[in-house]
Amino acid sequence: MAKHKVIVTRRWPESIEQVLAEEFDAVLNKNDRPFSAEQLRSALGEADALLPTVTDKIDASVLDVSEPRVRILANYGVGYSHIDVFAAKSRGIVVTNTPEVLSECTADLALTLMLMTARRAGEGEREVRAGKWSGWRPTHMLGSKLSGKTLGIVGFGRIGQKVAERAHFGFGMNIIAFDSMSLNESVLSRCDGEGVGTLDELLKRADFVSLHCPGGDSNRNLMNRERLAMMKPGSFLINTARGEIVDEEALASALSNGTIAGAGLDVYAAEPKIAPALAACENAVLLPHLGSASLETREAMGMRVLENLRAFFGDEQPRDLVTS
């Protein structure tokens, strides 16, 4: 029996690529260069499944091919704002994602960014590497504690809940949370946390604001100039969700003017491009989208894609169905 043809848009962990090659007619991206829009359109007509990542913008124009062969977009990642799921559905294409398996790893990175921004670790490392450190002194590079501070979590899904647990039980932080959909009251209760009714209320109360809400047009520039101005003086903004949630020019201005004390970012609006004004801010910690970047997590994400493909081609409903 002929194997189903799948096209993989980026390099995946070797162990997962091996399984893909064994079970499918797999076309792997050996040079690991992002696909162009034309390459994505071509793949839609050549394969039974396309396995994209966050670097692949699959909008209505890309999906507008005359006779798509692809029947499933098995996304490698939990977020899918880079895919026009409604356009895919209208073309009869199923979309799946990889939830749950990257929650802990991404939550770990959110705490990493909190610590780095609060304790000015990025500034400190740059000083040491540049040979500019003159030695210990009592007033050198003073930062802020996490312990006992209030953490405001925007978006209380799986990742937001893991962040709350780590922050509360690891650092004794006070948790407040806002979610436009619903809040997991049992997790909030376990963390002695509090749900708030509006994002504006959270911003006014939190010492640290950590973003974990979906991207896409509905949340584009959610953190704009006005909302950044609502944050407490001396507070910190953390984003491990999606870059478009933050107005980067407004954030650069808030950092430069001292409206807030610092920011820790792992995602950007036009990745891999970084707004020059933001890159110039010494009080910003900028990481290259490392949220799920552990070998264990990236392998688990690949296994989740494999599960979804096996189910789909076995005429079963995939576990992680986004659209059908």
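None of the values given here were measured: they were computed from a predicted structure. (Residues numbered from 1 in each chain as written. Predicted model: local features only at pLDDT ≥ 70, side-chain atom pairs only at ≥ 80, totals over all residues. Heavy atoms only, no water.)

Trainee: Go over the overall build of the protein chain, please, and point to the residues and values.
Mentor: Scanning the protein chain from terminus to terminus reveals 13 helices and 13 strands. Accessible surface, the protein chain as shown: approximately 15400 Å² in total, 50% of it carbon and sulfur. Mean positive and mean negative side-chain charge positions of the protein chain (36 and 43 charges, respectively) differ by 4 Å. (Helix = DSSP H or I, 4+ residues; strand = E, 2+ residues; numbered from the N terminus. Areas by Shrake-Rupley, 256 points an atom, 1.4 Å probe, with all protein chains shown as cover. Lys, Arg positive; Asp, Glu negative; His and termini not counted. Charge placed at Lys NZ, Arg CZ, Asp CG, Glu CD.)

Trainee: Provide a residue-level description of the environment of Val 128, including the pertinent values.
Mentor: By the element assignment, Val 128 lies in helix 6 (residues 121-129). For the pair Val 128 and Lys 149, spaced 21 residues apart in sequence, the C-alpha separation works out to 28 Å.

Trainee: Tell me what's going on with a nonpolar patch on the surface, and back it up with residues and numbers.
Mentor: Taken together, the side chains of Val 128, Trp 133 and Trp 136 present a nonpolar region at the surface, about 430 Å² in accessible area. By secondary structure assignment, the location of Trp 136 is in the loop between helix 6 and strand 6 (150-154). (Patch = residues over 30% accessible without salt bridge, like charges linked within 9 Å, V, L, I, M, F, W, Y side chains within 5 Å. Salt bridge = Lys/Arg side-chain N within 4 Å of Asp/Glu carboxyl O.)

Trainee: How would you sum up helix 6? Please name residues and give values.
Mentor: All buried positions along helix 6 are accounted for by Gly 122, Glu 123, Gly 124 and Glu 127. On its buried face, helix 6 sits against helix 5 (103-118). (Buried < 20%, exposed > 50% of the residue type's maximum accessible area, 1.4 Å probe, protein only. Contact = heavy atoms within 4.5 Å.)

Trainee: Hey, could you go over the pattern of salt bridges for me, with residue numbers and the actual values?
Mentor: For the structure shown, the criterion picks out 21 salt bridges. One salt bridge connects Glu 100 with Arg 304, and the closest N-O pair in it is separated by 2.9 Å. Of this pair, Glu 100 sits in the loop between strand 5 (94-96) and helix 5 while Arg 304 sits in helix 13 (residues 295-313), and the two are 204 residues apart along the sequence. For Arg 304, a relative accessible area of 5% corresponds to the buried category. Residue Arg 205 is joined to Glu 194 by a salt bridge in which the shortest nitrogen-to-oxygen separation is 2.9 Å. Here Glu 194 lies in strand 8 (residues 194-195) and Arg 205 lies in helix 9 (residues 199-205), a separation of eleven residues in the sequence.

Trainee: I'd like to hear about the environment of Gly 157, residue by residue, with values.
Mentor: Within the secondary structure, Gly 157 is located in the loop between strand 6 and helix 7 (158-171). With 110 residues separating them along the chain, Gly 157 and Val 267 place their C-alpha atoms 18 Å apart.

Trainee: Can you explain the layout of surface pockets? Please cite residues and give values.
Mentor: In this structure, the second largest pocket occupies an estimated 170 Å³ of space. Lining the second largest pocket we find Gly 124, Glu 127, Val 128, Trp 133, Trp 136, Arg 137, Pro 138, His 140 and Met 141. Here the residues of the lining of the second largest pocket are counted per class, giving five nonpolar, two polar and two charged. (1 Å grid on protein atoms, 1.4 Å probe; cavity = no way out; pocket = protein on both sides within 12 Å on 5 of 7 lines; lining within 4 Å. Points joined across faces, edges and corners; volume = space filled by probe spheres on them. Nonpolar A, V, L, I, M, F, W, Y, C, P; charged D, E, K, R; others polar.)

Trainee: Kindly report on the sheet that holds strand 13 (residues 321-323), identifying the contributing residues and their values.
Mentor: Strand order in this open sheet of six strands is 2-1-3-4-5-13, and the pairing throughout is mixed. The sheet terminates laterally at strand 2 (25-27) and strand 13, the two strands that pair on one side only. Each strand of the sheet is rotated relative to its neighbour by a mean of 25°, with strand direction disregarded. Seen against the sheet, helix 13 touches strand 3 (49-51), strand 4 (72-74) and strand 5 and runs at an angle of roughly 160° to strand 4. (Pairing = 2+ DSSP bridges. Axes fitted to C-alpha atoms, helices over the stretch in contact; angles between N-to-C directions.)

Trainee: Any details on unusual backbone geometry? Residues and values, ideally.
Mentor: In this structure, the amide linkage connecting Glu 271 to the following residue, Pro 272, adopts the cis form with an omega of 5°. Following the sequence through the fold, Pro 272 ends up in the loop between strand 11 (262-265) and helix 12 (276-279). The backbone of Asp 32 shows a phi angle near 60°, a positive value even though the residue is not glycine. Looking at the secondary structure, you find Asp 32 in the loop between strand 2 and helix 2 (37-46). Even without being glycine, Asp 315 reaches a positive phi, approximately 60°.

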